[in-house]
Amino acid sequence: MATPDLAQHRTAGADTATQPASAADRLPGIRHIIAIGSGKGGVGKSTVSVNLALALRQRGARVGLVDADIHGPSVPVMLGLPTGEPPAMTAEERIVPATRHGLKLISMAMLTGDDNPAILRGPMVSKYLRLFVGSVDWGRLDYLLLDLPPGTGDTQLTLAQSFPLSGAIIVTTPQEVSLRIARRGLRMFETVHVPVLGIVENMSTFTCPHCGGATDIFRRGGGALLSQALGVPFLGAIPLDGKVVECGDEGRPIVSDRPESAAALAYVAIAAQLERALERLPAAGLQPFEWAWEKNEGGPAWLESAARLAGGHTTAIGLRRRDPRTLSVLWEDGGRSDFDVRDLRLACRCAFCVEETSGRALLDPKKVRADVAPLKIKSVGNYAVAITWNDGHSTGIYAFDYLRAFADGNRAGEAEDV
Ligand code: ADP
């Protein structure tokens, strides 16, 4: 399945050219962005990211990997990449990702050196990372995996919100405590409306290389139980295997170095499960919302990954405050309409603004103040929004098909003017 080239069009008035485009807009050509998280460090999240990326690659996908684990970037070592060497740039000043084992890779360690992440603390992390990832010349990718920092704090939360994620994977070890922490990770993704694609249990059963006997060093099956309890898919378990460590330390990940090993086969099976989990994602739809416009709080999602060429022309899959005067709507067919908020106020079709029987305009545009703006935008079912305005008006409902026609009409008007 190819990513639709998102036909971006502008309609009513607003100059969005001066607005910095968000990360969601700036990663065209990438089909799925998937975050890989864990409640705590040391569960093998980075190892899983690298090997899962390779397993997806083995299945024929084009895969990129972002080492977003800024405070402990270990991916370059696992892939045998030098750190602290500035990446090459294209003529258009875009960053050329490193390539290893057929994967495209970037890591903050490539910029900072792996022992100098101190400049990147707190909210700066997500800001830099967004800029960084958005400036990479990825080309077309089926998957871009983000190896998140461990934990469920603010950093992870902002990172999860900084990218148009298709979903997240949680890595856990089978122990009770690790599972409890994984549950917290799961909740975190749910809060920001990122679907959890599944749980990977790492360091599961240990198979003795000498006698072939199986031992459950950290118990077993906890990941599967957790998946069941929380209603998310279980993607699979990776055995505890000393070779994983050895390969990781030497820059030869196990999936490419020992493709016949039980661990490598487990990764390939997990990659297949992941593909299935992505196919099963519910059709895109906006959750109900009540959006405080000025503070930009409570707004709906922007489900760019749900756009497809055959998608609905009037199905909204995202709304966003592009700037204080511009409302953007993303349509399922990949189009985007930007509405100047005053134009929207003038386009109100409620009974106070338009005479029902004759269709005569009752609203005098000259009496609508220049700084009219929404106070609140609320979803109405899945087909419209209701807007409460700062001029006291609150009876207007804007159906999505009306908004799209309004946008298309304005476009036609613009084209005629040329
Ligand atoms: P995290 O990213 O969660 O901090 P890492 O991926 O850096 O964890 O892994 C921590 C350590 O565990 C590394 O030494 C790694 O080689 C080892 N490890 C990861 N997965 C396995 C496994 N399945 N079997 C044995 N060791 C593993």
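As shown above, the structure is provided for reference.
Residues numbered from 1 in each chain as written. Predicted model: local features only at pLDDT ≥ 70, side-chain atom pairs only at ≥ 80, totals over all residues. Heavy atoms only, no water.

Caption draft 1: Geometry of the nonpolar core. One finds Trp-138 and Phe-189 to be the most contacted residues of the largest nonpolar core, which totals 80 residues. In terms of residues, this core owes the most to one element, helix 10 (residues 262–279), which gives 9 residues. If sequence neighbours within four positions are ignored, Phe-189 has contacts with Ala-35, Leu-148, Ala-160, Ala-168, Ile-170, Val-194 and Val-196. Grouped together as the second largest cluster of nonpolar side chains are 28 residues, Cys-348, Cys-350, Ile-377 and Tyr-398 included. (Core = buried A, V, L, I, M, F, W, Y, C linked by side-chain atoms within 4.5 Å. Buried < 20%, exposed > 50% of the residue type's maximum accessible area, 1.4 Å probe, protein only. Helix = DSSP H or I, 4+ residues; strand = E, 2+ residues; numbered from the N terminus. Contact = heavy atoms within 4.5 Å.)

Caption draft 2: How the structure looks around the sheet that holds strand 13 (residues 336–340). The sheet built from 3 strands is open, its strands ordered 11-12-13 with antiparallel pairing. Edge strands, defined here as strands with exactly one partner in the open sheet, are strand 11 (316–323) and strand 13. Averaged over all neighbouring strand pairs, the angle between strand axes comes to 20 degrees, with direction disregarded. Pairing between strand 11 and strand 12 (residues 326–331): 6 bridges, direction antiparallel. Each residue of the ladder has a partner; that of Leu-319, found in strand 12, is Val-329. (Pairing = 2+ DSSP bridges. Axes fitted to C-alpha atoms, helices over the stretch in contact; angles between N-to-C directions.)

Caption draft 3: Representation of the packing of aromatic side chains within the structure. Enumeration over the complete set of coordinates arrives at 5 aromatic pairs. Aromatic side chains Tyr-402 and Phe-406 sit 6.2 Å apart centroid to centroid with 20 degrees between the ring planes, which places their arrangement in the stacked category. Of this pair, Tyr-402 and Phe-406 both sit in helix 12 (residues 400–417), 4 residues apart, which is roughly one turn of that helix. Classification of Tyr-402 by relative accessible area gives partly exposed; the value is 25%. Taken together, Phe-289, Trp-291 and Trp-293 form an aromatic cluster joined through their ring pairs. Across from the ring centre of Trp-293, 5.9 Å away, lies the NZ or CZ of Arg-321, which sits over that ring. (Phe/Tyr/Trp six-rings, centres within 6.5 Å; stacked < 30°, edge-to-face > 60°. Lys NZ or Arg CZ within 6 Å of the ring centre and 35° of its normal.)

Caption draft 4: Just unusual backbone geometry, in detail. Positive phi is not limited to glycine here, since Glu-93 has a value of about 65 degrees. For Glu-93, the location among the structural elements is in the loop between helix 2 (75–78) and strand 3 (98–100). Taking relative accessible area as the criterion, Glu-93 reaches 62% and is therefore assigned exposed. Positioned with a positive phi, His-101 is a non-glycine residue whose angle comes to about 50 degrees.

Caption draft 5: Main features of the site of the ligand. The environment of the ligand is made up of 16 residues, and the closest members are Gly-42, Gly-44, Lys-45, Ser-46 and Thr-47. Taking Gly-42, its main chain carries an N or O atom lying 2.8 Å from an oxygen atom of the ligand. The contact in question runs from an oxygen atom of the ligand to an N or O atom on the backbone of Gly-44, over 2.9 Å. The protein chains hide 81% of the 570 Å² of surface that the ligand would expose on its own. Mapping the ligand onto the cavity grids shows that it belongs to the second largest pocket. (Near = heavy atom within 4 Å. Polar contact = N/O pair within 3.5 Å; in protein donor to acceptor, adjacent residues only side chain to side chain. Areas by Shrake-Rupley, 256 points an atom, 1.4 Å probe, with all protein chains shown as cover. 1 Å grid on protein atoms, 1.4 Å probe; cavity = no way out; pocket = protein on both sides within 12 Å on 5 of 7 lines; lining within 4 Å. Sits in = over half its atoms within 2 Å of the grid points.)

Caption draft 6: Molecular detail of empty space enclosed by the protein. Within the structure shown, the criterion is met by 1 cavity of 30 Å³ or more. Of the voids in this model, the largest cavity is the one considered here, and its volume is about 40 Å³. What lines the largest cavity is Gly-37, Ser-38, Gly-39, Leu-148, Gly-151, Thr-152, Ile-170, Gly-185, Met-188 and Phe-189. When grouped by side-chain class, the residues that make up the lining of the largest cavity number 4 nonpolar, 6 polar and no charged. (Points joined across faces, edges and corners; volume = space filled by probe spheres on them. Nonpolar A, V, L, I, M, F, W, Y, C, P; charged D, E, K, R; others polar.)

Caption draft 7: Molecular detail of the pattern of salt bridges. With the rule as written, the count across this model stands at 14 salt bridges. The salt bridge partner of Arg-252 is Asp-257, with a shortest N-O separation of 2.4 Å. A residue is classified by how much of its surface remains accessible, and Asp-257, at 29% relative accessible area, is partly exposed. The salt bridge involving Arg-345 is made with Asp-391; its shortest N-O contact spans 2.9 Å. Taken as a pair, Arg-345 in helix 11 (residues 341–346) and Asp-391 in the loop between strand 15 (384–389) and strand 16 (396–399) lie far apart in primary sequence, 46 residues in all. A network of salt bridges, in which partner residues are shared, links Arg-31, Arg-62 and Asp-142. (Salt bridge = Lys/Arg side-chain N within 4 Å of Asp/Glu carboxyl O.)

Caption draft 8: Highlighting the environment of Val-232. Of note, Val-232 is situated in the loop between helix 7 (222–230) and strand 9 (234–240). With relative accessibility at 11%, the residue Val-232 sits in the buried group. Between the C-alpha atom of Val-232 and that of Gly-198, which follows or precedes it by 34 residues, the distance is 5.6 Å. If we skip the residues at most four places from it in the chain, Val-232 touches Leu-186, Val-196, Ile-199 and Ser-227.

Caption draft 9: Spatial organisation of the layout of surface pockets. Counted as a void, the second largest pocket has a volume near 300 Å³. Along the wall of the second largest pocket there are 18 residues; nearest its centre are Gly-44, Thr-47, Met-78, Val-244 and Val-245. Among the secondary structure elements, those contributing two or more residues to the lining of the second largest pocket are helix 1 (45–58), helix 2, strand 7 (196–207), strand 9 and helix 8 (242–249). Top contributing element to the lining of the second largest pocket by residue count: helix 8, with 5 residues. A breakdown of the residues in the lining of the second largest pocket according to their chemical character gives 8 nonpolar, 7 polar and 3 charged.

Caption draft 10: A look at the packing of helix 1 against helix 10. At a minimum axis distance of 8 Å, the contact between helix 1 and helix 10 shows a crossing angle of 75 degrees. Of the possible angle classes, the one that applies to helix 1 and helix 10 is roughly perpendicular. For the pair formed by helix 1 and helix 10, the contact residues are Thr-47, Val-48, Asn-51, Leu-52, Ala-55, Leu-56 and Gln-58 on the first element and Tyr-267, Val-268, Ile-270, Ala-271, Leu-274 and Glu-275 on the second. Residues belonging to the contact of helix 1 with helix 10 are distributed by class as follows: 9 nonpolar, 3 polar and 1 charged. (Parallel < 35°, antiparallel > 145°, perpendicular 65-115°, else oblique.)

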